[in-house]
Amino acid sequence: MNDDKVKAAQMAVELIPNQAIVGLGSGSTASIFIDLLAKKAHEEQMDITCVATSVQTSQLALGFGLKVVDIDAVDRIDVTVDGADEVDGNLNGIKGGGAALLFEKIVATNSTKNIWVVDSSKQHQRLGSYRLPVEVVKFGVHHVFNYLKTRDLKPVYRQQEDGNYLTTDSGNYIIDVDITGQEDLPQLAQDLKSLTGVVEHGLFIDICDVLLVGNTGQAIYKDQLSNS
Ligand code: 5RP
């Protein structure tokens, strides 16, 4: 599986031009990409500026010698490379397995191009095998939780190993929900987003432009899909 992630990350590095402003995703596949990007930038003396999607990613990139700036220090991100927890045939996906969905979505929606790097285990005809992360502010969180229960979303608080609720980089909680019974995902995305207390959810609809699948070596372009 790791080889597949490496292959996908290698394919992504080839798509990064010199002088690009690059969004760095979070998670194990994005971390491999960051390592490879740093090596290539060093070897080819590329001028690359990076924006990170989590504290962990920022520290990793800085450790590899990449230049990392605050998102508000740039007008636009040229290309973001990130992983995904699940992706369907239309390149819609679920993200947030690493609890970085809020910053990941902010960086992605401010990027000209979004590349996802995955292995084929992440590809599914329909989204829902992976529980959807919902990021919620701490104040009044149980009320949001109870509401999600009434929507038959079977909410579960994400916990750390010590049993405490996991806190995101923004100081919020994550509630993971089951979307297998949900027919209309764009509507669900809208409903979740409009709930007071919900900061963001991990449904990334119409965001990914290019999907790189490590083990098959496939590059799937959103604008070449027959139904797009
Ligand atoms: C983090 C994410 C990750 O991109 C996602 O969890 C995939 O991670 P990995 O590459 O380790 O499988 O959304 O919030």
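Note that the coordinates shown come from a computational prediction; the quantities given were computed from them, not determined experimentally.

This part covers the overall build of the chain. Along the backbone of the chain there are 6 helices and 14 strands. In summary, the chain has a C-alpha radius of gyration of 17 Å against a globular reference of 17 Å for 228 residues, a match within 12%. With the C-alpha coordinates of the chain rotated into their principal frame, the extents come out at 55 × 40 × 35 Å. Per-residue burial over the chain gives 51% buried out of 228 residues. A separation threshold of at least 6 residues defines the contact pool for the chain, and within that pool the share at least 24 residues apart is 74%. As displayed, the chain offers around 10,900 Å² of accessible surface, 47% of which is attributable to carbon and sulfur atoms. Side chains of the chain carry 19 positive and 31 negative charges; the gap between the two charge centres is 3 Å.

A word on the sheet that holds strand β1 (residues 21-24). Spatial ordering of the open sheet is given by β3-β2-β1-β4-β7-β13-β14, a layout of 7 strands whose pairing is mixed. Only two strands of the sheet have a single partner each, and these edge strands are β3 (67-68) and β14 (218-221). By the bridge criterion, 4 bridges tie strand β7 (residues 111-118) to strand β13 (residues 210-213) in an arrangement that is parallel. For V117, the partnering residue across the bridge sits in β13 and is L212.

All chains considered together, the criterion is met by 0 disulfides. Free cysteine C50: the closest other cysteine sulfur is in C208, separated by 19 Å. Classification of C208 by relative accessible area gives buried; the value is 1%.

Charged atoms that come close allow side chains of opposite charge to pair. Considering all chains together, one arrives at 9 salt bridges under this definition. With its nearest N and O atoms 3.1 Å apart, the salt bridge here joins D35 to K39. In this pair, D35 and K39 both sit in helix α2 (residues 28-43), 4 residues apart, roughly one turn of the helix. In this structure D35 comes out as partly exposed when scored by relative accessible area, which is 22%.

The subject of this paragraph is α2. Quick reminder: α-helices carry 3.6 residues per turn. Residues three or four places apart thus point the same way. With 16 residues, α2 extends 23 Å from end C-alpha to end C-alpha; this agrees with the ideal 22 Å at 1.5 Å per step. Residues of α2 that are buried: T29, A30, I32, F33, I34, L37, A38, K40 and A41. Where the residues of α2 are buried, they touch α1 (2-13), β1, β2 (49-52), α3 (55-63), β4 (77-82) and β7. Q45 sits one or two positions beyond α2 and adopts a positive phi of about 50°.

Phi is positive for K154, close to 45°, though the residue is something other than glycine. Unusually for a residue other than glycine, D206 sits at a positive phi of about 60°. Summarising the element assignment, D206 is placed in the loop between β12 (203-204) and β13. Judged by its relative accessible area of 57%, D206 is exposed.

Attention now goes to the UniProt feature "active site" (unreviewed entry) in the chain. Residues given the UniProt feature "active site" (unreviewed entry) here are E104. Relative to the assigned elements, E104 resides in helix α4 (residues 101-109). The residues contacting E104, other than those within four sequence positions of it, are S26, T53, D82, K95, G96 and F204.

As a further point, take the layout of surface pockets. A probe as big as a water molecule, rolled over the atoms, marks out the empty space that is left. In this structure, the largest pocket spans a volume of roughly 400 Å³. Taken together, 27 residues make up the lining of the largest pocket; nearest its centre are S26, G27, G97, G98 and E104. Among the secondary structure elements, those contributing two or more residues to the lining of the largest pocket are α2 and α3. A class-by-class count of the residues in the lining of the largest pocket yields 7 nonpolar, 14 polar and 6 charged. When residues of the lining of the largest pocket are assigned to domains, at least three map to each of domain 1 (2-123 + 205-223) and domain 2 (132-200). Of the pockets and cavities examined, the second largest pocket occupies roughly 220 Å³. Those elements that provide at least two residues to the lining of the second largest pocket are β2, α3 and α4.

Each value, and the rule that gives it
Residues numbered from 1 in each chain as written. Predicted model: local features only at pLDDT ≥ 70, side-chain atom pairs only at ≥ 80, totals over all residues. Heavy atoms only, no water. Helix = DSSP H or I, 4+ residues; strand = E, 2+ residues; numbered from the N terminus. Rg over C-alpha atoms; globule rule 2.2 N^0.38 Å. Buried < 20%, exposed > 50% of the residue type's maximum accessible area, 1.4 Å probe, protein only. Contact = heavy atoms within 4.5 Å. Areas by Shrake-Rupley, 256 points an atom, 1.4 Å probe, with all protein chains shown as cover. Lys, Arg positive; Asp, Glu negative; His and termini not counted. Charge placed at Lys NZ, Arg CZ, Asp CG, Glu CD. Pairing = 2+ DSSP bridges. Disulfide = S-S within 2.5 Å. Salt bridge = Lys/Arg side-chain N within 4 Å of Asp/Glu carboxyl O. Expected span 1.5 Å × (residues − 1). UniProt positions renumbered as here; feature names shortened; annotations may be inferred. 1 Å grid on protein atoms, 1.4 Å probe; cavity = no way out; pocket = protein on both sides within 12 Å on 5 of 7 lines; lining within 4 Å. Points joined across faces, edges and corners; volume = space filled by probe spheres on them. Nonpolar A, V, L, I, M, F, W, Y, C, P; charged D, E, K, R; others polar. Domains from an automatic or database assignment.

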